[in-house]
Amino acid sequence: MKVMFYVQHLLGIGHLVRASRIASALVEAGHDVVMVSGGLPVAGFPPAGVALEQLIPLRSADSSFSSLADEHGAAVDDAMREQRRHQLLATYDRISPDCLIIEAFPFARRQMRFELLPLLEHVHAQPSSRRALVVSSVRDIVQPKSRERDKATAKLVARYFDLVLVHGDERFARFSDTFSEAGAVADRLAYTGMVAPAPPAADTGSSRRYDVVVSAGGGAVGAALLDAAIGARPLTRLAAGRWLVVTGPNLPENVFARLQAAQSDGLTLSRFEPGLAAVIASARLSVSQAGYNTVADMLSGSAAGVLVPFEGAGEREQLVRAQRLAALGRVAVVRECQLDASSLAAAIEAALDLDHPDDFPVNLDGARNSARLVEEHLAAFRAGQAS
């Protein structure tokens, strides 16, 4: 099948990473995938084998996600929205996919309604024999909204979407825990398991093995975590170990320069680390925010975990995930409001002493399960059209 996979990352790169893992699984299953990316280009994404159509890049103007900006920081006006809308519709017609996957929407990315609602209307205007299967791809824990907002979202699902892939395990997090109208769209929901990387090889090579890996996702809101981690290092039992600090490509240059000045023996500073998932999974300890992908990387190996969930602009998704993992004895947590070198050092010591549960309730094969579910639903969809 031909798959068009729309993804819009606004601040970090987590949405792009998860979409890329699913796209790769679809390619491995023998399908043609075109990723239509609306965010700033990021080196290494999409992965090999996945074609790229780059829309005019847009991003969040700030960490509140309240407005959009172009790649130069200028506010997005109606003319640019119209240009993007036209570009997206033309791309869809050129690809003419059997399946359209939209990452996050309508559960998130409301900022993109100006182009996604016209796209969905365009898809449903096609003759039934040619209409694409329409799929929403969403993480298991979403930012809680008001009941009225959730009802509006459920109406969009019912009107436009044939399938909602929930990338999690119902034993760990039910979609209804953070989306109040899950029951209204239950006939479309399918849990995939967590979209995690493959478990690391037994021996990844000594040059790629670290005692501690500190990572800040895209880096746009990671400065405080990175500063605290470097300050915590000499206060822990792993002070003499090998530390890798990955800042992310979006960390401001002046902050990166400050961190460079604080480097010491045994500490490696990097903006971007190829194969970071395997490096995290094979480390003794991972220190990070509580974003979906970094947590998946940690869970795919045996690394102990310290999580500092992002809570800016009222965000709660990462906090919910971190607290659930802590309750299961898998990680130690430091709240952003309590973050400094000493609190992080104490959390590192606590995490190193945790006994990892053997029966951790999360299926980690979400990428391949997503590919299989799309195949099955497309087959049923086409059979229904033929009848």
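Refer to the structure printed above.
A brief report on the enclosed structure follows.

Moving on, we get to helix H11 (residues 366–386). End to end, H11 covers 30 Å across 21 residues, agreeing with the expected 30 Å (1.5 Å per residue, within 8%). Residues of H11 that are buried: Gly366, Ala367, Asn369, Ser370, Ala371, Leu373, Val374, Leu378 and Phe381. Structurally, H11 contributes buried residues whose contacts are with helix H1 (14–28), strand E6 (99–103), strand E7 (133–139), strand E8 (163–167) and strand E9 (189–191).

Attention now goes to the sheet that holds strand E14 (residues 304–307). Strand order in the open sheet made by the 6 strands is E12-E11-E10-E13-E14-E15, with parallel pairing throughout. The open sheet is flanked by strand E12 (267–270) and strand E15 (331–333), the only strands paired with a single partner. Taken pair by pair, the neighbouring strands of this sheet meet at an average axis angle of 15°, ignoring direction. Of the strands in this sheet, E14 and E15 touch helix H9 (residues 317–327), which is tilted by about 130° from E15. Against the sheet, helix H10 (residues 341–352) contacts strand E11 (243–246), strand E13 (285–288), E14 and E15, and its axis sits at roughly 150° relative to E14.

Turning to unusual backbone geometry, a few remarks are in order. Negative phi values dominate among residues other than glycine, just as trans dominates among peptide bonds. Residues phenylalanine 45 and proline 46 are joined by a peptide bond in cis, for which omega reads -5°. For proline 46, the position within the fold is in the loop between strand E2 (32–37) and strand E3 (51–54). Although it is not a glycine, serine 96 adopts a positive phi angle of roughly 50°. Tracing the backbone shows serine 96 in the loop between helix H2 (78–95) and E6. One non-glycine residue, arginine 109, lies in the positive phi region at around 65°.

Structurally, the position occupied by glutamate 115 is in helix H3 (residues 113–124). We classify glutamate 115 as buried; its relative accessible area is 0%. Excluding its chain neighbours within four sequence positions, the residues that come into contact with glutamate 115 are Tyr6, Leu55, Arg84, Arg85 and Leu88.

Here the focus is empty space enclosed by the protein. Inspection of the entire model under this criterion finds 1 cavity of 30 Å³ or more. In this structure, the largest cavity occupies an estimated 60 Å³ of space. Around the largest cavity, the lining residues are Pro106, Phe107, Ala108, Arg110, Val142, Gln143, Lys145, Arg149, Asp150, Thr153 and Phe179. Taken together, the residues of the lining of the largest cavity sort by class into 5 nonpolar, 2 polar and 4 charged.

Here the focus is the pairing of E13. Because side chains alternate across E13, one face comprises the buried residues Leu285 and Val287, and the other comprises Ser286 and Ser288, equally buried. Direction of pairing for strand E10 (residues 212–215) relative to E13: parallel, over a ladder of 4 bridges. In the strand pairing of E13, valine 212 is matched with leucine 285. Across 4 bridges, the pairing between E13 and E14 is parallel.

Rules used in this analysis
- Residues numbered from 1 in each chain as written.
- Predicted model: local features only at pLDDT ≥ 70, side-chain atom pairs only at ≥ 80, totals over all residues.
- Heavy atoms only, no water.
- Helix = DSSP H or I, 4+ residues; strand = E, 2+ residues; numbered from the N terminus.
- Expected span 1.5 Å × (residues − 1).
- Buried < 20%, exposed > 50% of the residue type's maximum accessible area, 1.4 Å probe, protein only.
- Contact = heavy atoms within 4.5 Å.
- Pairing = 2+ DSSP bridges.
- Axes fitted to C-alpha atoms, helices over the stretch in contact; angles between N-to-C directions.
- 1 Å grid on protein atoms, 1.4 Å probe; cavity = no way out; pocket = protein on both sides within 12 Å on 5 of 7 lines; lining within 4 Å.
- Points joined across faces, edges and corners; volume = space filled by probe spheres on them.
- Nonpolar A, V, L, I, M, F, W, Y, C, P; charged D, E, K, R; others polar.

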